[in-house]
Amino acid sequence: MTSILALDFGGTKLAAATVNIGSREWLRYERRLSPAIANASTDLEIMRSLIHSLLQDTQPVAIGVSFGGPVDATTGTVRLSHHVPGWENIPLQELLEQEFGVPAAVDNDANVAALGEYRFGAGQGYDSLFYITVSTGVGGGWILNGQPWRGTGGMAGEIGHIVVDPAGPVCLCGKRGCVERLASGPYMAQNAREALTAQPKLWEGKILRSLVEDNLELLTGQLISQAAADGDDLAVEVLRKSAWALGTGIGNIANLVNPQLFILGGSVTKAGTQWWEILRQVARETALPEIDFEIVSAALADDAPLWGAVALAELRLAN
């Protein structure tokens, strides 16, 4: 049997898996958290150790790679990572092809996850969809007329940097009130931390404080979701703002491109029914009433980028 090696370089975690062509079950699978102070070199070394653990002297027929940041998919060159330093202009496809002697293909994680959901997940049977990942950051990937659509410079799908609140807080990109600045997990935690510090009398935040034993530096998006489910006042508001921001972005995209389906994946999408209800309501209110679309959860969950990497490798072999 011939196998494909699938790699996922995420903002906070690294994953690798092998699968036989045509199979829907991993042969081997490994995942590891990226160190707190990671850079491109440390991530590459960790991934290398995962690969050698998986392959064990066997050789894949192709390698597909999902990368958490802008990528020139025509050359497989990473432009940069917004979360891990040192990735500027790294020719990742070339490095892998030289090291392992097989064809490789590299693309942005949201584009790859879109391809994965289209081929193997919730997008099967559709020919136009927009996949959105909501976790460390917020990104998107398109399938239009059954084909990945990356835009002229490979930057299509950056829903995370659509401005929904021009008077909102400053985003990593320098603009104010981006979807990512309001909806991503780390920024949700930052928003809660700043509100509890700057306006302690306005927000009780008792449940949030107890979850981190008053050490606000330990706040995470996951803890905010947990506290919101238990009725914490500030957590509920942060979660509401997250769902509102993303719902507004989705409604605007529905108006502009009119895809059949929006597929949402990433850790923040596990925030609970309240988050989903607000998101769907705001998206529906933002879009024109004549525009029909569905918003669904990713079927492949956290493995969407890895399965997309499999599809990417298959496309590389076919070409």
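Residues numbered from 1 in each chain as written. Predicted model: local features only at pLDDT ≥ 70, side-chain atom pairs only at ≥ 80, totals over all residues. Heavy atoms only, no water.

## Considerations on the sheet that holds strand β4 (residues 62–67)
- Taken in spatial order, the five strands make up an open sheet running β3-β2-β1-β4-β7, and their pairing is mixed. Every interior strand has two partners, whereas the edge strands, β3 (28–33) and β7 (104–108), have only one. Along the sheet, successive strands turn relative to each other by an average axial angle of 10°, direction set aside.
- Both strand β2 (residues 13–20) and β3 contribute to a ladder of six bridges, which runs antiparallel. Following the sheet pairing, Thr18 is matched in β3 by Arg28.
- Sitting on the sheet, helix α2 (residues 92–100) is in contact with β1 (3–9), β4 and β7, with an inclination near 155° to β7.
- Lying over the sheet, helix α3 (residues 109–120) contacts β4 and β7, oriented at roughly 105° with respect to β7. (Pairing = 2+ DSSP bridges. Helix = DSSP H or I, 4+ residues; strand = E, 2+ residues; numbered from the N terminus. Axes fitted to C-alpha atoms, helices over the stretch in contact; angles between N-to-C directions. Contact = heavy atoms within 4.5 Å.)

## Quick look at the pattern of salt bridges
- Across all of its chains, the model carries eleven salt bridges by this definition.
- With a shortest N-O distance of 3.3 Å, Arg31 and Asp303 are connected by a salt bridge. Remark: Asp303 occurs in the loop between β12 (294–297) and α10 (304–318) and Arg31 occurs in strand β3; sequence separation between them is 272 residues.
- You can call Arg31 partly exposed: its relative accessible area is 32%.
- Three or more residues are tied together by salt bridges with common partners; here these are Glu45, Arg48 and Glu99. (Salt bridge = Lys/Arg side-chain N within 4 Å of Asp/Glu carboxyl O. Buried < 20%, exposed > 50% of the residue type's maximum accessible area, 1.4 Å probe, protein only.)

## Thoughts on the nonpolar core
- Residues Ile132, Leu246, Ile250, Phe262, Leu264 and Trp275 are the most contacted members of the largest nonpolar core, which totals 49 residues.
- Broken down by secondary-structure element, the contributors of at least two residues to this core are β8 (128–134), β9 (138–144), α4 (179–183), α5 (185–198), α7 (221–229), α8 (233–257), β11 (261–265) and α9 (273–286).
- In this view, Phe262 contacts Phe130, Ile132, Ile250, Ile253, Ala254, Phe293, Glu294, Ile295 and Val296; residues no more than four positions away in its chain are not counted.
- Formed by 28 residues, the second largest nonpolar core is a distinct cluster that contains Leu14, Ile46, Leu55 and Val84. (Core = buried A, V, L, I, M, F, W, Y, C linked by side-chain atoms within 4.5 Å.)

## What to know about the sheet that holds β12
- The five strands lie next to each other as β10-β9-β8-β11-β12, forming an open sheet whose pairing is mixed. Each edge of the sheet is formed by a strand with only one pairing partner; in this case those strands are β10 (147–149) and β12. Across the sheet, the axes of successive neighbouring strands diverge by a mean angle of 25°, strand direction being ignored.
- Both β9 and β10 contribute to a ladder of three bridges, which runs antiparallel.

## Some points on the packing of α7 against α8
- Running from amino to carboxyl end, α7 crosses α8 at an angle of 115°, the nearest separation of the two axes being 8 Å. Here α7 and α8 pass one another in a crossing that is left-handed. Contact residues: Ile224, Ser225, Ala227 and Ala228 in α7; Ala235, Val236, Val238 and Leu239 in α8.
- Partitioning the contact of α7 with α8 into residue classes produces seven nonpolar, one polar and no charged. (Left-handed = near helix turned anticlockwise from the far one by under 90°. Nonpolar A, V, L, I, M, F, W, Y, C, P; charged D, E, K, R; others polar.)

## Some words on the packing of aromatic side chains
- A full pass over the atoms with the stated rule returns ten aromatic pairs.
- Ring geometry for Trp275 against Trp276: centres 5.5 Å apart, planes inclined by 80°, an arrangement best described as edge-to-face. Across the pair, exposure class does not vary: Trp275 and Trp276 are buried alike.
- Members of the aromatic cluster, joined through ring pairs, are Trp26, Tyr29, Phe120 and Trp307.
- A cation over a ring is seen here: Lys241 above Trp244, with NZ or CZ 4.8 Å from the ring centre. (Phe/Tyr/Trp six-rings, centres within 6.5 Å; stacked < 30°, edge-to-face > 60°. Lys NZ or Arg CZ within 6 Å of the ring centre and 35° of its normal.)

## Describing the domain arrangement of the chain
- In terms of domain boundaries, the chain breaks down into domain 1 (3–108 + 301–318) and domain 2 (129–297).
- With twelve residues of domain 1 at the contact, the number on the domain 2 side is ten residues.
- Summed over both sides, the interface between domain 1 and domain 2 buries roughly 880 Å², with carbon and sulfur atoms accounting for 47% of that surface.
- Here Asp107 ties to Arg150 by a salt bridge, and the two come within 2.6 Å at their closest N and O atoms.
- Of all elements in the fold, only β7 and α10 reach the threshold of two or more residues within the side of domain 1 that touches domain 2. (Domains from an automatic or database assignment. Buried area = accessible area lost by both parts, 1.4 Å probe.)

## Let's talk about the pairing of β7
- Most of β7 sits out of view: five of its five residues are buried.
- For β4 and β7, the ladder comprises five bridges, and the chain directions are parallel. The partner of Phe67 across the bridge, within β7, is Asn108.

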